[in-house]
2 protein chains.
Amino acid sequence: MDTSLASSRFSRRFQLATPIALAPMAYAAGGALSAAVARAGGLALVGGGYGELDWLQREFPIALEQGPRERIGVGFITWRLDQDASALDWVLQHKPRAVMLSFGDPRPYVQRIRASGAALICQVQRVDHLPLALEAGAEVVVAQGAEAGGHSVSPLEGRGLMSLVPEMADWLAAHSPDTVLLAAGGVADGRALAALRLLGAEGVLLGTRLWATRESLAAAAAKQHALGLDGDATTRSIVFDALAARKWPDAFEFTRASQNPLVHEWEGRHDALRAAPAALAHYQDGVRSNDFQRAFVTVGEAVGLVRDLPGAEELIARITGEAKRLLGEPG
Amino acid sequence: MDTSLASSRFSRRFQLATPIALAPMAYAAGGALSAAVARAGGLALVGGGYGELDWLQREFPIALEQGPRERIGVGFITWRLDQDASALDWVLQHKPRAVMLSFGDPRPYVQRIRASGAALICQVQRVDHLPLALEAGAEVVVAQGAEAGGHSVSPLEGRGLMSLVPEMADWLAAHSPDTVLLAAGGVADGRALAALRLLGAEGVLLGTRLWATRESLAAAAAKQHALGLDGDATTRSIVFDALAARKWPDAFEFTRASQNPLVHEWEGRHDALRAAPAALAHYQDGVRSNDFQRAFVTVGEAVGLVRDLPGAEELIARITGEAKRLLGEPG
């Protein structure tokens, strides 16, 4: 088995210089970051996120203008499309290379995505999620580990990548060998990229590590705060959504983000928090004043390996080079 | 950086043929399994577990008789030693190569362990656990990922190995470069061993995979049941201890084991379960009749990669060979 980066079926299928994809992080993976990732030879997925049409109409054209369009795609939160799919319909007219769907049933959107010529990428969290992704016709499956930042399944259901990736690789080899497996969660450098190739992934989806770059649209104060965090600093909680006045479907209501005293104060009482205007105002005041004893940053366990805020092209070259050295592969 | 198995500082320090340690699983890692692991060139840690003197007096001599004693050690649950350390004191007279302590403050036991000539191994779950392990003088630190079976920290505090291992490797390189880092959790084959070498671990501690061997003292019906499980089949819960009528300290009261309807029925109501004799009798009846709709098997997420019940020597040769092939290392 050839586990080099060059032999990655993800790289070959999408004609990438390196098997790295930008996670479509809502409000962070904008046009400039996406373009930089695509220029570096990765697959960029603009953060279609909650499906805001105006946000995507601003950011997606920037990605197309500044980056090679053959490596520009987009990602959406599936259950939000069930409420309003206008951003998906708009972006499909602009021929994204791929559309990634996460957190919900992808099947209602498959026909229009494939008709546009885009590849379908589905993110899943457990082995028992694979059959639905394959039924939907996913060309690429992203295994999201419990290490990942942002929304996912509950802490009781989440899987770590160490066994999830080889188990999914074996399952796909037996049931759908053409499907490409990527891994997401906890990946911040070339060590994890190389390790995940050996575990059976064809590449990685980078969230937190690309969130902490110059081009990311995350707030400057949030990026600075993240530089001081170790990987123990995050937790998975429903409180984050309650603070942000968001309500996700029960299956995906847990978010991994940086913990702080406010999150601990409301742990287990998120419904009460939603009905407590003074507490919510106290949180919002913390956000406005960049007080991270109240505000939080939506990052995964990989934040403990983030020690700088480089440009995305430099970062991808660094990660790729380190992985190649570890795999004994010519640069 | 040389990431071969042969260059592992764990192998060199303990003169091992392969950087694999047997996790000291209570009631499963007995004398025969330990001896087999030691004969295969790994470091065997007999499952001193809850500190039952009579169990250890039976199993430890078997390990010494059947395996090379220079690779036979023992492991204990630290908080149990606080109640009764007679098994530790007994075994130290028999010169174990190493003593592993997990789940509690190791410092009260360090002096007698080192005086016996044994190496001290401390298991930790988070980066912020490292300073105490180093203060205790651990020669080896085991990073236990949230993937692991058995007891650990809560699901909100647990870390996946994908970022925990490189983060700990960096921390140790900066603060205590002689300390040897191992990884535990989710490891079932040579892919994970090779991947963890690239992530910065010097070797692995195998639990679930060695639990499912011919020599393991786990019940035959439990091993057979485990063969049919995928990695999604486990969960982390306090209910397991309530069913088994055990009470661990709050910091480590969560166990990862195979879920079933009975565990779900009592989720969130473990205190009520402890006070419900009929429910406990119903569980115990399930254990006696090998009914895994009530009984559970204490395994980690790696169970999804367990497809046979080989002898431990054959298994370790298989894992080592696969890891070497992936690392491009001569067999």
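Residues numbered from 1 in each chain as written. Chains lettered and ligands numbered in written order. Predicted model: local features only at pLDDT ≥ 70, side-chain atom pairs only at ≥ 80, totals over all residues. Heavy atoms only, no water.

## Some details on the domain arrangement of chain A
Residue and element names in this part refer to chain A.
- Taken domain by domain, chain A holds domain 1 (9-218 + 308-327) and domain 2 (220-288).
- Just the C-alpha atoms count here: the centres of domain 1 and domain 2 sit 24 Å apart.
- Both faces considered, domain 1 and domain 2 share a buried interface measuring about 1700 Å² in area, 65% of it formed by carbon and sulfur atoms.
- On the domain 1 side of the contact with domain 2, W79, H151 and L309 bury the most area, a combined 32% of that side's loss.
- Inspection of the region where domain 1 meets domain 2 yields 0 salt bridges.
- Scanning the region where domain 1 abuts domain 2 turns up 14 residue pairs in polar contact (both at pLDDT 80 or more).
- A total of 3 residues in the side of domain 1 that touches domain 2 trace back to one element, the largest contributor, which is strand 7 (residues 150-152).
- Here the side of domain 1 that touches domain 2 is built from residues that sort into 11 nonpolar, 9 polar and 3 charged. (Domains from an automatic or database assignment. Buried area = accessible area lost by both parts, 1.4 Å probe. Salt bridge = Lys/Arg side-chain N within 4 Å of Asp/Glu carboxyl O. Polar contact = N/O pair within 3.5 Å; in protein donor to acceptor, adjacent residues only side chain to side chain. Helix = DSSP H or I, 4+ residues; strand = E, 2+ residues; numbered from the N terminus. Nonpolar A, V, L, I, M, F, W, Y, C, P; charged D, E, K, R; others polar.)

## Topic: the sheet that holds strand 10 (residues 234-237) of chain B
Residue and element names in this part refer to chain B.
- Across the sheet, which stays open at both edges, the 3 strands sit in the order 7-11-10 with antiparallel pairing between neighbours. Of all the strands in the sheet, the pair left with one neighbour each is strand 7 (150-152) and strand 10. Looking at each pair of strands side by side, their axes are set apart by 25 degrees on average, direction ignored.
- Relative to strand 11 (residues 254-258), strand 10 runs antiparallel, the two being bridged by 4 bridges. In the sheet register, T235 faces strand 11, and the bridge partner there is A257. (Pairing = 2+ DSSP bridges. Axes fitted to C-alpha atoms, helices over the stretch in contact; angles between N-to-C directions.)

## Regarding the relation of the copies chain A and chain B
- Rotating chain A by 180 degrees about the axis while translating it 0.0 Å along that axis superimposes it on chain B, leaving an RMSD of 0.0 Å. Here the two chains are linked by the operation of a two-fold rotation axis. Proximity to the rotation axis, assessed at the C-alpha, singles out A195 of chain A in chain A; its C-alpha lies 2.1 Å from the axis.
- The share of interface residues of chain A whose copies in chain B are also at the interface is 100%, consistent with both copies meeting through the same surface. (Least-squares fit on C-alpha atoms with pLDDT ≥ 70 in both. Contact = heavy atoms within 4.5 Å.)

## Quick notes on the interface of chain A and chain B
- Facing the 39 residues of chain A at the interface are 39 residues of chain B.
- At the level of secondary structure, the elements contributing two or more residues to the side of chain A that touches chain B comprise helix 8 (161-175), helix 9 (190-199) and strand 10 (234-237) of chain A.
- When residues in the side of chain A that touches chain B are grouped by element, the largest group, 7 residues, is from helix 9 of chain A.
- For the side of chain A that touches chain B, a count of residues per class yields 17 nonpolar, 10 polar and 12 charged.

## Remarks on empty space enclosed by the protein
- Evaluation of the coordinates by the stated rule reveals 1 cavity of 30 Å³ or more.
- Empty space within the largest cavity amounts to approximately 200 Å³.
- Contributing to the lining of the largest cavity are 23 residues, with A146, P155 and R256 of chain A together with A146 and P155 of chain B lying nearest its centre.
- Of the residues assigned to the lining of the largest cavity, the class counts are 6 nonpolar, 8 polar and 9 charged. (1 Å grid on protein atoms, 1.4 Å probe; cavity = no way out; pocket = protein on both sides within 12 Å on 5 of 7 lines; lining within 4 Å. Points joined across faces, edges and corners; volume = space filled by probe spheres on them.)

## Quick word on helix 9 (residues 190-199) of chain B
Residues and elements named next belong to chain B.
- With respect to burial, helix 9 is a largely interior element, 10 of its 10 residues being buried.
- Taken residue by residue, helix 9 has G190, R191, A192, L193, A194, A195, L196, R197, L198 and L199 as its buried positions.
- Once helix 9 ends, the next one or two residues include G200, with phi positive near 120 degrees. (Buried < 20%, exposed > 50% of the residue type's maximum accessible area, 1.4 Å probe, protein only.)

## Some thoughts on the sheet that holds strand 10 of chain A
All names here are of chain A.
- Taking strand neighbours across the sheet as the criterion, the 3 strands line up as 7-11-10 in an open arrangement whose pairing is antiparallel. In the strand order of this sheet, the two ends are held by strand 7 and strand 10, each with one partner. Within the sheet, the average angular offset between the axes of one strand and its neighbour, ignoring direction, is 25 degrees.
- Of the strand pairs in this sheet, strand 7 and strand 11 (residues 254-258) are connected by 3 bridges, and their pairing is antiparallel. When the bridges of strand 11 are listed, S152 appears paired with F254.

## Examining the pattern of salt bridges
- The full count for this structure, using the stated rule, is 48 salt bridges over all chains.
- E167 of chain A is paired through a salt bridge with R159 of chain A; the nearest N and O atoms lie 2.8 Å apart. No difference in accessibility class separates E167 of chain A from R159 of chain A, as the two residues are buried.
- D291 of chain B serves as the salt-bridge partner of R294 of chain B, at 2.9 Å between the closest nitrogen and oxygen.

## As for the side chain of H151 of chain A
Residues and elements named next belong to chain A.
- When you line up the elements, H151 lands in strand 7.
- A polar contact of 2.7 Å, which involves the side chain of H151, links it to the side chain of D241.
- In this view, H151 contacts Y50, F103, Q144, R236, D241, R246, W248, F252, E253, F254 and T255; residues no more than four positions away in its chain are not counted.

## Concerning the packing of helix 9 of chain A against helix 9 of chain B
- Taken N-terminus to C-terminus, the directions of helix 9 of chain A and helix 9 of chain B make an angle of 170 degrees; their axes are 8 Å apart at the nearest point. Classified by the angle their axes make, helix 9 of chain A and helix 9 of chain B are roughly antiparallel. Residues R191, A192, A194, A195, L198 and L199 of chain A of helix 9 of chain A pack against R191, A192, A194, A195, L198 and L199 of chain B of helix 9 of chain B.
- Tallied by class, residues from the contact of helix 9 of chain A with helix 9 of chain B come to 10 nonpolar, no polar and 2 charged. (Parallel < 35°, antiparallel > 145°, perpendicular 65-115°, else oblique.)

## Thoughts on helix 15 (residues 277-288) of chain B
Residues and elements named next belong to chain B.
- Between the first and last C-alpha of helix 15 there are 16 Å, a value that for 12 residues agrees with the 16 Å anticipated at 1.5 Å per step.
- The secondary structure elements touched by the buried residues of helix 15 are helix 12 (239-243), helix 13 (261-266) and helix 14 (270-274).
- N290 sits one or two residues past helix 15 and shows a positive phi near 55 degrees. (Expected span 1.5 Å × (residues − 1).)

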